[in-house]
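For reference, the chains in residue letters:
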Amino acid sequence: QKEVEQNSGPLSVPEGAIASLNCTYSDRGSQSFFWYRQYSGKSPELIMFIYSNGDKEDGRFTAQLNKASQYVSLLIRDSQPSDSATYLCAVRSNSGYALNFGKGTSLLVTP
Amino acid sequence: ETGVTQSPTHLIKTRGQQVTLRCSSQSGHNTVSWYQQALGQGPQFIFQYYREEENGRGNFPPRFSGLQFPNYSSELNVNALELDDSALYLCASSSDLGIGELFFGEGSRLTVL
């Protein structure tokens, strides 16, 4: 079973702080990594994807990938109350098309 | 707004009934994937269709079936509904056999009583 693990949270951070969300995966053949944001009752919304080791920045978001340690993280700088949501980590292996999702981490940004 | 539309948005069925969910893919996309998201869980891959053929399937029983039409829209059919089928059903389309980013529609929330 190819696992994607996330801490369910809730992770609580004050407004303006950096939120750090982590994800580990078991399949060493994984090649593509995605972060989705999901508001309650809504569908997942793609925030970022990363394919190569290192950091990838997009506005307030930074994705970090370490294939040797099999983890991927998402940093949210200057967190806003509107960032309060569940963040889903998804992984795709080299051998398939399906995304394998973690259960998500609930983030709460307090004013 | 991803351009992927799903219908119906909400529906209620009873055990043993059958349901059909529909998805219109984003313009230019020829690949459609379906996912099931139970409450408190991440989405689980059901299957994928590429150019009207199923080309990948997750760990779901045969009573979950699908179709893709020449215009690349798709249907998900579930027969003999069970209580555990209650979930948000998500459709995603892409233009490259699903190897790139997936953009989801708003989902169809199914409740089985």
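Above this text sits the structure in question.
It should be emphasised that the depicted structure is a prediction, and the values quoted were computed from it without experimental measurement.

(A) Inspection of the overall build of chain B at higher detail. A count of helical and extended segments in chain B gives 0 helices and 11 strands. When the helices and strands of chain B are placed in sequence order, the string is β-β-β-β-β-β-β-β-β-β-β. Taken over the C-alpha trace, chain B has a radius of gyration of 13 Å; the compact-globule value for 113 residues is 13 Å, and the two agree within 12%. Dimensions of chain B, computed from C-alpha atoms along their principal axes, come out at roughly 40 × 30 × 25 Å. Classification of the 113 residues of chain B by burial places 48% in the buried group. Taking all contacts inside chain B whose residues are at least 6 apart in sequence as the whole, residues at least 24 apart take part in 53%. Within the structure as shown, chain B displays about 5400 Å² of accessible surface, and the carbon and sulfur contribution to it stands at 49%. Each charge sign in chain B was given a centre, from 7 positive and 11 negative side chains, and these centres are 9 Å apart.

(B) Summary view of the state of the cysteines. Residues and elements named next belong to chain B. With the rule as written, the count across this model stands at 2 disulfides over all chains. Residue Cys-23 pairs covalently with Cys-91 via a disulfide, S to S 1.8 Å. Where Cys-23 bonds to Cys-91 through sulfur, the torsion about that S-S bond is close to -65°, and the disulfide is left-handed. In this pair, Cys-23 sits in strand S3 (residues 19-24) while Cys-91 sits in strand S9 (residues 87-94), placing the two residues 68 residues apart along the sequence. Note on Cys-91: relative accessible area 0%, which makes it buried.

Calculation criteria
- For every chain, the first residue of the written sequence is number 1, and numbering continues from 1 along that sequence.
- Whichever chain is written first becomes A and whichever ligand is written first becomes 1, with later ones labelled in order.
- This being a predicted model, a pLDDT of at least 70 is required before a residue's local features are given, and a value of 80 or more before pairs of side-chain atoms are given or counted; all residues contribute to the totals for chains, interfaces and linings.
- The side-chain quantities take in all heavy atoms of the structure and omit both hydrogens and water.
- Secondary structure elements are defined from DSSP: runs of H or I of at least 4 residues count as helices, runs of E of at least 2 residues count as strands, and each element is numbered from the N terminus.
- For the radius of gyration, the atoms used are the C-alpha atoms, and the globule rule reads 2.2 Å times the number of residues raised to 0.38.
- Burial here depends on accessible area, computed with a 1.4 Å probe over protein chains only, as a share of the maximum for the residue type. Under 20% is buried, over 50% is exposed, and the range in between is partly exposed.
- Contacts are residue-level and defined by heavy atoms, with any inter-residue pair within 4.5 Å sufficient.
- Note on areas: Shrake-Rupley with a 1.4 Å probe; residue coverage comes only from the protein chains shown.
- The charge count treats Lys and Arg as positive and Asp and Glu as negative. His and the chain ends do not count.
- All charge positions are set by atom: Lys at NZ, Arg at CZ, Asp at CG, Glu at CD.
- When the sulfur atoms of two cysteines come within 2.5 Å, that pair is taken as a disulfide.

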